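Structural overview for review
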Amino acid sequence: MTDTDLHRPDPGLLRAAAEAAELAQEVSGLVSDPLAPLTRDIARSMTEAGLAVHHCAQHEPPYRLGGVCLLAAPAESGTGHGGIAVSWTVHNLLLPDLDRYGTYTGTQQAMNTALGGVLRASGYPVTPFGSGGAWLVTGRREAEAGR
């Protein structure tokens with residue numbers, strides 16, 4: 001072992017720190033209401049799956065980047081069940097380009113369909129939500145529900 005080997009950071013520790021920081025950034029803007037723990041669980045699962053969690057508030061600068069949008073859907077909203085509405089938002093670069101509107105809507109549909117698969121694979125109970133292809137997550141992951 002050379003002297004320089006002693007000063008190299010452990011890549012495993014760096015990766016873990018980067019992942020923790022990325023997850024903290026993704027969940028930092030989530031609301032603190034009764035559905036917040038479920039929202040954080042879903043955000044963690046989406047981040048672990050390699051998907052960016054979208055800042056759904058239009059006034060936030062990262063809004064334009066798109067990604068997974070998580071919104072609370074209380075039982076009072078007419079769904080019958082409280083939960084988290086999960087959908088995909090396409091990057092704003094496609095939105096103003098009318099020539100690429102088909103790409104915009106096709107991407108939106110494909111990613112919402114894929115999100116349903118990722119949510120199911122992650123163990124969340126999901127049902128279709130609304131007419132735009134979103135999913136309603138009504139509970140925690142099967143493995144975490146028993147904790």
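Let us look at the structure shown here. (Residues numbered from 1 in each chain as written. Predicted model: local features only at pLDDT ≥ 70, side-chain atom pairs only at ≥ 80, totals over all residues. Heavy atoms only, no water.)

It is worth spelling out the overall build of the chain at this point. Tallying secondary structure elements over the chain gives four helices and four strands in all. Tracing the chain from N to C terminus, the helices and strands come up as α-α-β-β-α-β-β-α. Taken across its 147 residues, the chain has 33% of its residues classed as buried. Sequence separation of 24 or more characterises 43% of the internal contacts of the chain that already satisfy a separation of 6 or more. As displayed, the chain offers around 9,000 Å² of accessible surface, 57% of which is attributable to carbon and sulfur atoms. (Helix = DSSP H or I, 4+ residues; strand = E, 2+ residues; numbered from the N terminus. Buried < 20%, exposed > 50% of the residue type's maximum accessible area, 1.4 Å probe, protein only. Contact = heavy atoms within 4.5 Å. Areas by Shrake-Rupley, 256 points an atom, 1.4 Å probe, with all protein chains shown as cover.)

Turning to the packing of aromatic side chains, a few remarks are in order. The full count for this structure, using the stated rule, is one aromatic pair. Seen in terms of ring centroids, Tyr-101 and Tyr-104 are 6.0 Å apart; in terms of plane orientation they differ by 25°. Their pairing is stacked. Placement of the pair is Tyr-101 and Tyr-104 together in helix H3 (residues 101–121), with a separation of three residues, close to one helical turn. On the accessibility criterion, Tyr-104 (18% relative accessible area) is buried. In this structure, Arg-120 is placed above the aromatic ring of Trp-135, and the distance from its NZ or CZ to the ring centre is 4.7 Å. (Phe/Tyr/Trp six-rings, centres within 6.5 Å; stacked < 30°, edge-to-face > 60°. Lys NZ or Arg CZ within 6 Å of the ring centre and 35° of its normal.)

Summarising the element assignment, Pro-37 is placed in helix H2 (residues 36–48). Sequence spacing of Pro-37 and Arg-140 is 103 residues, and the spatial spacing of their C-alpha atoms is 8.9 Å.

Attention now goes to the side chain of Asn-112. Residue position: Asn-112 is located in helix H3. With a relative accessible area of 2%, Asn-112 lands in the buried category. In contact with Asn-112, other than residues within four places in its own chain, are Ser-87, Trp-88, Gly-132, Gly-133, Ala-134 and Trp-135.

Let's shift gears to the pairing of strand E2 (residues 83–89). Counting buried residues in E2 gives seven out of seven residues, a clear majority hidden from the surface. Where strand E1 (residues 67–73) lies against E2, seven bridges are found, and the strand directions are antiparallel. Residue Leu-70 lies in a different strand from E2, and its bridge partner there is Val-86. Relative to strand E4 (residues 134–137), E2 runs antiparallel, the two sharing three bridges. (Pairing = 2+ DSSP bridges.)

With 13 residues, H2 extends 18 Å from end C-alpha to end C-alpha; this agrees with the ideal 18 Å at 1.5 Å per step. Of all the positions in H2, only Ala-36, Leu-38, Thr-39, Asp-41, Ile-42, Ala-43, Ser-45, Met-46 and Thr-47 are classed as buried. Positive phi appears at Gly-50, one or two residues downstream of H2, with a value of about 90°. (Expected span 1.5 Å × (residues − 1).)

Glancing now at the pairing of E4. Looking down a regular strand, the side chains alternate between one sheet face and the other. Of the two faces of E4, the one lined by Ala-134 and Leu-136 and the one lined by Trp-135 and Val-137 are each fully buried. Taken together, the four bridges between strand E3 (residues 126–129) and E4 define a ladder with antiparallel strand orientation. The residue of E4 that forms the bridge with Phe-129 is Ala-134. If you look at the hairpin formed by E3 and E4, you'll find four residues sitting between the two strands, and Gly-130 has a positive phi there, around 70°.

For H3, spanning 21 residues, the distance from its first C-alpha to its last is 30 Å, which sits close to the expected 30 Å at 1.5 Å a residue. Among the structural elements, H2, E1, E2, E3 and E4 are those in contact with the buried residues of H3. One or two residues past the end of H3 sits Gly-123, with phi positive at roughly 90°.

None of the figures reported here should be taken as evidence of function without further support.
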